[in-house]
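# Architecture at a glance
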Amino acid sequence: YTGWTPLYRLYYESIQWIRALEEGPDGEPWYRLYDELLRTEYHVPALYLRPIQPEEISPLSPQISPERKRIEISLSQQVLRAYEEDTLVMSTRISSGVPKPGKILVDSTETPKGIFNIQSKMPSKHMGEGRFTDDPEAYELPGVPWVCFFETTVGIALHGTWWHNNFGVPMSRGCINLRCPEAKWLFRWTTPVSQPGDVESRGMGTAIYVT
């Protein structure tokens, strides 16, 4: 184990970028991973990860034109609803931002209201203070899954959440927390389309109404 030191605890349902399969310090296969925020590499036993196949993230309802899809989020109800025209195709509880005093989009943790469009999609995003630590209490979240940014000034997004299961109650710092399978469904259903291997996909995508 000379030269190998613990770096960070990775969590179930997080998404990581695999760069290579290599031999680890125990002689077993380890994946070499890449962190897109810190632009650094680290390793994890391959036993604990499963590569995502391209067909798992292929677009949903591609025959529906993008302008006929929309997402409505009710902060009072803590509910997200997805529509194709007037047909409800998905409804789920969310956790939005916990309100606190401050100016919206500067230092408040409240989710902003208004009409937005998804502008950037990332299957994996390192969120937090931007460092690696093995402290489980630190605000550091490598591999946040299925991220759809709809307000890019301070980075407000829909994304999967593994660190709590208290959906229906505001819990976040402004983002819309979703169960990971539901976030994955929305990632596939919305535009811009993300191709396998894309670290980030940009474009004027699906409309989001936050009330």
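Residues numbered from 1 in each chain as written. Predicted model: local features only at pLDDT ≥ 70, side-chain atom pairs only at ≥ 80, totals over all residues. Heavy atoms only, no water.

Here the focus is the overall build of the protein. For the protein, the helix and strand inventory stands at 1 helix and 13 strands. In sequence order, the secondary structure elements of the protein are arranged as β-β-β-β-β-β-β-β-β-β-β-α-β-β. Taking 211 residues into account, the globule formula puts the C-alpha radius of gyration at 17 Å, and the protein, at 18 Å, falls close to it. Considering only C-alpha atoms, the protein reaches an extent of 60 × 45 × 25 Å along its principal axes. (Helix = DSSP H or I, 4+ residues; strand = E, 2+ residues; numbered from the N terminus. Rg over C-alpha atoms; globule rule 2.2 N^0.38 Å.)

A sheet is described by the order of its strands in space; here 5 strands give the open sequence β6-β5-β4-β13-β7, paired in mixed fashion. Each edge of the open sheet is held by one strand with a lone partner, namely β6 (87-93) and β7 (114-117). If you compare each strand with its neighbour and ignore which way they point, the axes differ by 20° on average. Contacts from helix α1 (residues 180-189) reach β4 (69-74), β5 (79-84) and β6, with the element oriented near 145° to β6. (Pairing = 2+ DSSP bridges. Axes fitted to C-alpha atoms, helices over the stretch in contact; angles between N-to-C directions. Contact = heavy atoms within 4.5 Å.)

One pass over the structure, following the stated rule, counts 10 salt bridges. We note a salt bridge from glutamate 22 to arginine 32, for which the minimum N-O separation is 2.7 Å. On the criterion of sequence distance, the pair formed by glutamate 22 in strand β1 (residues 17-23) and arginine 32 in strand β2 (residues 29-35) is long-range, its members being 10 residues apart. Across the pair arginine 32 and glutamate 41 runs a salt bridge whose closest N-O atoms are separated by 3.0 Å. (Salt bridge = Lys/Arg side-chain N within 4 Å of Asp/Glu carboxyl O.)

Omega for the bond connecting threonine 191 with proline 192 falls within 30 degrees of zero, at 5°, which places this linkage in the cis form. Not every positive phi belongs to a glycine, and serine 61 is a case in point at roughly 50°. Relative to the helices and strands, serine 61 is located in the loop between β3 (40-45) and β4. Within the chain, glutamate 85 stands out as a residue other than glycine whose phi angle is a positive 55°. With respect to the helices and strands, the residue glutamate 85 is situated in the loop between β5 and β6.

Here glycine 27 is to be found in the loop between β1 and β2. For the pair glycine 27 and valine 79, spaced 52 residues apart in sequence, the C-alpha to C-alpha distance is 48 Å.

Of all hydrophobic cores here, the largest spans 25 residues; its most connected members are Ile73, Leu80, Leu158 and Leu186. It is α1 that contributes the most residues to this core, 4 residues altogether. In contact with leucine 80, other than residues within four places in its own chain, are Ile71, Glu72, Ile73, Met90, Ser91, Thr92, Ile94, Leu158, Leu178 and Leu186. Ranked by size, the runner-up nonpolar core spans 9 residues in total, among them Met122, Leu141, Val144 and Val147. (Core = buried A, V, L, I, M, F, W, Y, C linked by side-chain atoms within 4.5 Å. Buried < 20%, exposed > 50% of the residue type's maximum accessible area, 1.4 Å probe, protein only.)

Turning our eyes to something else, we now look at α1. Taken across its 10 residues, α1 has 7 buried, putting it largely inside the fold. Restricting attention to buried positions, one finds in α1 the residues Cys180, Ala183, Lys184, Leu186, Phe187, Arg188 and Trp189.

A word on the packing of aromatic side chains. Applying the stated criterion across every chain, the model contains 6 aromatic pairs. Aromatic pair tryptophan 162 and tryptophan 163: ring centres 4.9 Å apart, planes at 90°, arrangement edge-to-face. Arranged with centres 5.5 Å apart and planes meeting at 20°, the rings of tryptophan 185 and tryptophan 189 form a pair that is stacked. A residue pair is termed a helical-turn pair when its members lie 3 or 4 positions apart in one helix, as tryptophan 185 and tryptophan 189 do in helix α1 at 4 residues. Of the residues examined, tryptophan 189 reaches a relative accessible area of 1% and is grouped as buried. (Phe/Tyr/Trp six-rings, centres within 6.5 Å; stacked < 30°, edge-to-face > 60°.)

On the secondary structure map, lysine 121 appears in strand β8 (residues 120-128). Here lysine 121 is buried and forms no salt bridge, its nearest opposite-charge partner aspartate 198 lying at an N-O distance of 9.5 Å. Among the polar contacts made by the side chain of lysine 121, one reaches the main-chain carbonyl oxygen of proline 192 at a distance of 2.8 Å. Other than its neighbours up to four places away in sequence, lysine 121 contacts Val147, Cys148, Phe187, Thr190, Thr191, Pro192, Ser194, Val199, Glu200 and Ser201. (Lys, Arg positive; Asp, Glu negative; His and termini not counted. Polar contact = N/O pair within 3.5 Å; in protein donor to acceptor, adjacent residues only side chain to side chain.)

Further remarks concern the sheet that holds strand β9 (residues 140-151). Pairing is mixed across the open sheet formed by 5 strands, whose spatial order is β11-β10-β9-β8-β12. Each of the sheet's edge strands pairs with one partner strand only, and the pair in question is β11 (176-178) and β12 (201-202). Here 2 bridges tie β8 to β12, and the two strands are oriented antiparallel to one another. Within β12, the position partnered with serine 120 by the bridge is arginine 202. Contacts from α1 reach β8, β9, β10 (156-160) and β11 within the one sheet, and its direction differs from that of β9 by about 40°.

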